[in-house]
Amino acid sequence: MAKPILLSVDDDSDVLRAIERDLRSQYGAEYRVIGSDSPEGALDLLKQLKVRNDSVALLLADQRMPRMDGVEFLQQAMEIYPAAKRALLTAYADTNAAISAINHAGINYFFLKPWDPPTEHLYPQLDDLLDDWQASYRPTFQGIRLLGTRWSPRSYELRDFLARNHVPYQWIDVESSANDPETKLVLEALGPEASNLPVVLFPDGTKLLESVPADVAQKVGLRTRAQTSFYDLAIVGGGPAGLAAAVYGASEGLHTVMIEREAPGGQAGMSSRIENYLGFPTGLSGADLARRAVVQAQRFGVEILSQEVVGVRTEGPYRIVKLADGNEISCHALMIATGVQWRRLQAPGIDRLQGAGIYYGGGATEALSCKGEIVYVVGGANSAGQAAMNFARYADRVIILVRGESLSSTMSQYLIDQIKETPNIQLWTHAGVAEAHGETHLEEISVLCSDTGKTERVPANAMFIFIGALPRTDWLANIAERDDRGFLLTGPDLMHGGQRPKGWTLDRDPFLLETNIPGMFAVGDVRHGSIKRVASGVGEGSVAVQFIHQYLSKV
């Protein structure tokens, strides 16, 4: 934790060095001592410290300085750090001005120059001031702070990115906290830059204006470039299947890299509670599962890249993946574990309000914001049920919209039972979204009842969409065989009339989880015929490593 700051200001360099020396000698173990030779420079420094979220305990300024005297400086400094103790350094001739400042300008104390010996004329009085300051001091948050607005799609994107990558941060909604004194001070310290929302503030004082996840990833130290150009195993996708393959591959000696464009955990990482995963009788969140898996993978030496793969090609025994930044990585064995993305809901207003009240997926970062509100969950699979249970902890009402007549064919029974027992969750069957309404954010939705053909317009503060899934495989269209929905074909599904896939060059049939390209495997939700469950993805990722070893033994 950063030490609170003692700031001294004096245009006389000899006096400034002397006061810094004495402050550091007595208080250096608990405080950071900083000096400035001009009041203007000190005010600029205080604004930088405010943006960094540093604490200032004491402001000690010389009274006689050109352009701005000590009293005027302290009065302006009070507007930036109102809780800091304020003291003047004065000559005997200025004692009247110092006394007047104590009575009328909010100055706490004044010291006469010279103050030798400090043990008598400086430290006792400062001890009292600092003890008084410490009594009400609360350490400030020292991590990343994100300033934005709730209904900003870009703000939501950044919050979701930081949360899913397990990067601690503080969210400051500049609209809902407009009357908060600290928020006002930070915005004033930012000046004109405060209009470039969202703003990401880092502990070292740097900031990103109107930033995107890729910029933040680089700044927070997420790896975006590979350490080497060749790996035994490259895994594209960091969901449960990809993470399991990374752990098993690296633990068995394979030089492994895992490439994930968003955050480890995939869609499962967005789940608020997974209760049917073996070994966790009370359940665990998707974020916790992803965090544990990432730590385990890194322990075995897996390299994790925050990047997007845009293409792949083969050159003899090598499988070469092209990254969005133009770099390439080659490997002997390639695993595709990119999972699926939510199918888009086609209705007027949906795309326009996405990120401003309408979200695809779990929206774990939004749950607290929905306190006392009406939330709609569209879809009837387990992910929708898990999200509904999470939102019900905060929202006034959670309404699940499904096109079918019940949840029994799409959702696990344990979730159906929990939903029935939760009084503020309602299930609307035979219902779909016909339109979304709102100017700057979602305000209402039109719900179409397929039974009656009637449309009802109802108030809505937020809507979360879970309506089926589509694979992310367009970048593989020219190399891998896929079904009519884009899922990758593997193993027996590649055999047509007992014939191996076109272009197959090996004297054996494709392995169970191998695609039509030898040495390129597909696991998890992206694979045709897979079971859409976390445990299934983990199992496939683990089993595939055994086939990879068999493949590598012949390369």
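About the cut-offs
Residues numbered from 1 in each chain as written. Predicted model: local features only at pLDDT ≥ 70, side-chain atom pairs only at ≥ 80, totals over all residues. Heavy atoms only, no water. Helix = DSSP H or I, 4+ residues; strand = E, 2+ residues; numbered from the N terminus. Pairing = 2+ DSSP bridges. Right-handed = clockwise from strand over helix to strand, strands pointing away. Patch = residues over 30% accessible without salt bridge, like charges linked within 9 Å, V, L, I, M, F, W, Y side chains within 5 Å. Areas by Shrake-Rupley, 256 points an atom, 1.4 Å probe, with all protein chains shown as cover. Salt bridge = Lys/Arg side-chain N within 4 Å of Asp/Glu carboxyl O. Lys, Arg positive; Asp, Glu negative; His and termini not counted. Charge placed at Lys NZ, Arg CZ, Asp CG, Glu CD. Buried < 20%, exposed > 50% of the residue type's maximum accessible area, 1.4 Å probe, protein only. Phe/Tyr/Trp six-rings, centres within 6.5 Å; stacked < 30°, edge-to-face > 60°. Lys NZ or Arg CZ within 6 Å of the ring centre and 35° of its normal. Axes fitted to C-alpha atoms, helices over the stretch in contact; angles between N-to-C directions. Expected span 1.5 Å × (residues − 1).

Asker: Tell me about unusual backbone geometry, and please be specific about residues and values.
Answerer: With omega at -5 degrees, the peptide bond leading from Lys-113 into Pro-114 counts as cis. Here Pro-114 lies in the loop between β5 (109-112) and α5 (118-121). Here Asp-116 and Pro-117 are connected by a cis peptide whose omega angle stands at -10 degrees. Tracing the backbone through its elements, the reader meets Pro-117 in the loop between β5 and α5. Its identity is not glycine, yet Arg-67 carries a phi of approximately 75 degrees, on the positive side. Its place among the elements puts Arg-67 in the loop between β3 (56-62) and α3 (70-80). Positive phi outside glycine occurs at His-430, with the angle close to 55 degrees. As for its placement among the helices and strands, His-430 is situated in the loop between β20 (425-428) and β21 (431-437).

Asker: So what's going on with the pairing of strand β7 (residues 169-173)? Residues and values would help.
Answerer: In this structure, strand β6 (residues 144-148) lies alongside β7, joined through 5 bridges in parallel fashion. Bridge pairing in β7 links Leu-146 to Trp-171. Since β6 and β7 lie parallel, the crossover through helix α7 (residues 153-164) that links them has a hand, and here it is right-handed.

Asker: Outline a positive patch on the surface, listing residues and values.
Answerer: Taken together, the side chains of Arg-343, Arg-403, Arg-485 and Lys-532 make up a positively charged region of the molecular surface. Position of Arg-403 relative to the elements: it lies in the loop between β19 (397-401) and α13 (413-420). A relative accessible area of 64% means that Arg-403 is categorised as exposed.

Asker: Hey, could you go over the packing of aromatic side chains for me, with residue numbers and the actual values?
Answerer: Across all of its chains, the model carries 14 aromatic pairs by this definition. Ring centres of Trp-133 and Tyr-137 lie 4.4 Å apart, and the angle between their planes is 25 degrees; on these two criteria the pair is classed as stacked. By relative accessible area, which is 5% here, Trp-133 ends up buried. Residue Tyr-137 is classed as buried on the basis of its relative accessible area of 14%. Ring centres of Tyr-277 and Phe-280 lie 6.1 Å apart, and the angle between their planes is 25 degrees; this geometry places the pair in the stacked category. Of the aromatic side chains, those joined through ring pairs into one cluster are Tyr-27, Tyr-31, Tyr-123, Trp-133 and Tyr-137. One residue, Lys-219, lies across the ring of Phe-202, its end atom 5.4 Å from the ring centre.

Asker: Report on the pattern of salt bridges, specifying residues and quantitative values.
Answerer: What the rule picks out here adds up to 29 salt bridges. When the shortest N-O distance is used, the salt bridge between Glu-262 and Arg-164 registers 3.2 Å. Within this pair, whereas Glu-262 is found in the loop between β11 (256-260) and α11 (286-299), its partner Arg-164 is found in helix α7, the two being separated by 98 residues in sequence. Glu-540 serves as the salt-bridge partner of Arg-527, at 2.7 Å between the closest nitrogen and oxygen. Here Arg-527, found in the loop between β26 (520-522) and α14 (534-552), pairs with Glu-540, found in helix α14; they are 13 residues apart in sequence, far enough to count as distant. Grouping residues by exposure puts Arg-527 and Glu-540 together as buried. Salt bridges sharing partners connect three or more residues here, namely Asp-160, Arg-164, Arg-261, Glu-262, Glu-308 and Arg-472.

Asker: Just give me the short version of the sheet that holds strand β22 (residues 444-449), but keep the residues and values in it.
Answerer: Spatial ordering of the open sheet is given by β21-β22-β23, a layout of 3 strands whose pairing is antiparallel. Whereas interior strands pair on both sides, the edge strands pair on one side only; in this sheet they are β21 and β23 (455-459). When strand polarity is set aside, the average angle formed by the axes of neighbouring strands in this sheet is 30 degrees. Across 5 bridges, the pairing between β22 and β23 is antiparallel. Directly across from Ile-445, in β23, lies its bridge partner Val-458.

Asker: Run through helix α2 (residues 39-52), naming residues and quoting values.
Answerer: Its 14 residues place the ends of α2 20 Å apart at the C-alpha level, agreeing with the 20 Å of an ideal helix rising 1.5 Å per residue. Of the positions making up α2, those classed as buried are Pro-39, Ala-42, Leu-43, Leu-46, Leu-49, Lys-50 and Val-51. Note on α2: the residue one or two positions beyond its end, Asn-53, has a positive phi of about 70 degrees.

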